[in-house]
Amino acid sequence: MTVWDDLVGQEKVCEQLAAAARDADAFVTAVSTGAPRPEASKMTHAWLFTGPPGAGRTQAARAFAAALQCVSPDRALGGVPGCGFCDGCHTALIGTHADVTTVAAVGTQILAEDMRDTVRKSFTSPANGRWQVILVDDAERLNEKSANAVLKAVEEPAPRTVWLLCAPSIEDVLPTIRSRCRHLNLRTPSVDAVADLLMRREGIEPAVAVAAARATQGHVDRARRLATDPAARERRAAVLKLPLRVEDVGAALKAAQELVDAAAEDAKALAEELDGKETEELKAALGAAQGGRLPRGTAGVMKDLEDKQKRRRTRTQRDSLDVALTDLTAFYRDVLALQLGSRVAIANADAQDALERLARASTPEATLRRIEAIAACRDALDRNVAPLLAVEAMTMALRAG
């Protein structure tokens, strides 16, 4: 299994990355042996991965990072870097490689303080790997200060440092940054390709795999979660019942409250899993006395961690809400397809009765207004509107049609 095997439907991107990894390997080998360096190279110091949600932007960047760190002896025999089995590939893929740093938004933005140590590290030589790799997930969430810090690092990189930025579209990244990056655009994989991956890698039954792939419209991570997690299937089923529950004002407001509460529960579950572990690890690192008493002067450090955890809970809640809103959008898209007699495959075949009922009871114009109301809710959440207010406004709009 190579590092490229999980990049579903991205053959062209894989070819480009494999060629760049091969040239990068030749460059490092030449530097270490004193041989002449290759004159022409498909490798560059900064890459921008874009594509719709679920296309595998981060997976592609991490696979490339693994290929850059590959230490398989097969490389010397003409093999392509990225074997997937050597220590360099394995640690890069699971996120423990010392020279692969990943930065992701803890809250709604990547702050300058989140990037400070990473930018500083980008100017150092690799500790024990072949390249110093900085992977920035959610690059669209860089704020002005953190984006400027990244720009300075990308403008004058260290000789063996590579920046890998991931964002939904090229317009989501500052022009000054994207002009210094090589752009790779990933496409949404087909339903059949995602279903094949679920069957091949997860051992999912064919019918379940196809249903999950179709329901998520090619979103690989969500399809995997939907196929393997019963709780995820229950949450989706509850969301798909919402359009039939907004017949009056009271029901619409109740549905909004339940949707927000479910997202809050998801955030709480993740917080319970991560926060306690992080807190205990930090206390141990600070030399907390037995019984949990902290040394003097460390209260500010603990406060910073609490602030970070609070931002992460907010981000997790809004990400959970966004998944629900995506499912709602797909539901009304199916309603619209039925109303217009489209031959587009129905994503939510398991809710066929509800789809047909709503299609008969409303008009295409009303369905489009409902889809716009969901989009407006997502925009409101991005602007930090209180989740309950944003979702209540949406459910009232869904009721009005």
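As the structure is a prediction and not an experimental result, all values here were calculated from the model.

Caption draft 1: Local environment of the pattern of salt bridges. Enumeration according to the criterion identifies 14 salt bridges in this entry. Close ionic contact of Glu11 with Arg187 constitutes a salt bridge, the shortest N to O distance being 3.7 Å. One end of the pair, Glu11, is in helix H1 (residues 11-33); the other, Arg187, is in the loop between strand S5 (182-185) and helix H7 (191-202), and 176 residues separate them in sequence. Residue Arg187 is classed as exposed on the basis of its relative accessible area of 53%. The salt bridge involving Asp25 is made with Arg130; its shortest N-O contact spans 2.8 Å. Note that Asp25 is positioned in helix H1 and Arg130 in the loop between helix H4 (112-122) and strand S3 (132-136), a separation of 105 residues in sequence. Owing to a relative accessible area of 14%, Arg130 belongs among the buried residues under this scheme. One salt-bridge network, held together by shared partners, links Glu202, Asp221 and Arg224.

Caption draft 2: Representation of the packing of helix H8 (residues 206-215) against helix H9 (residues 220-228). For the pair H8 and H9, the least separation of the axes is 8 Å and the interaxial angle reads 135°. Looking at the two axes, H8 sits oblique to H9. Of the two possible hands of crossing, H8 and H9 adopt the one that is right-handed. On the side of H8, the interface is formed by Val208, Ala212, Ala213 and Ala215, while H9 contributes Ala223, Leu226 and Ala227. Class assignment of the residues belonging to the contact of H8 with H9 gives a composition of seven nonpolar, no polar and no charged.

Caption draft 3: Molecular detail of the pairing of S3. Counting buried positions over the five residues of S3 gives five, a clear majority of the element. Every second residue of S3 is oriented toward a common face, with Gln132, Ile134 and Val136 on one face and Val133 and Leu135 on the other, all of them buried. Where strand S2 (residues 100-103) lies against S3, four bridges are found, and the strand directions are parallel. The residue bridging Val100 from the neighbouring strand is Val133, located in S3.

Rules behind the numbers
- Residues numbered from 1 in each chain as written.
- Predicted model: local features only at pLDDT ≥ 70, side-chain atom pairs only at ≥ 80, totals over all residues.
- Heavy atoms only, no water.
- Salt bridge = Lys/Arg side-chain N within 4 Å of Asp/Glu carboxyl O.
- Helix = DSSP H or I, 4+ residues; strand = E, 2+ residues; numbered from the N terminus.
- Buried < 20%, exposed > 50% of the residue type's maximum accessible area, 1.4 Å probe, protein only.
- Axes fitted to C-alpha atoms, helices over the stretch in contact; angles between N-to-C directions.
- Parallel < 35°, antiparallel > 145°, perpendicular 65-115°, else oblique.
- Left-handed = near helix turned anticlockwise from the far one by under 90°.
- Contact = heavy atoms within 4.5 Å.
- Nonpolar A, V, L, I, M, F, W, Y, C, P; charged D, E, K, R; others polar.
- Pairing = 2+ DSSP bridges.

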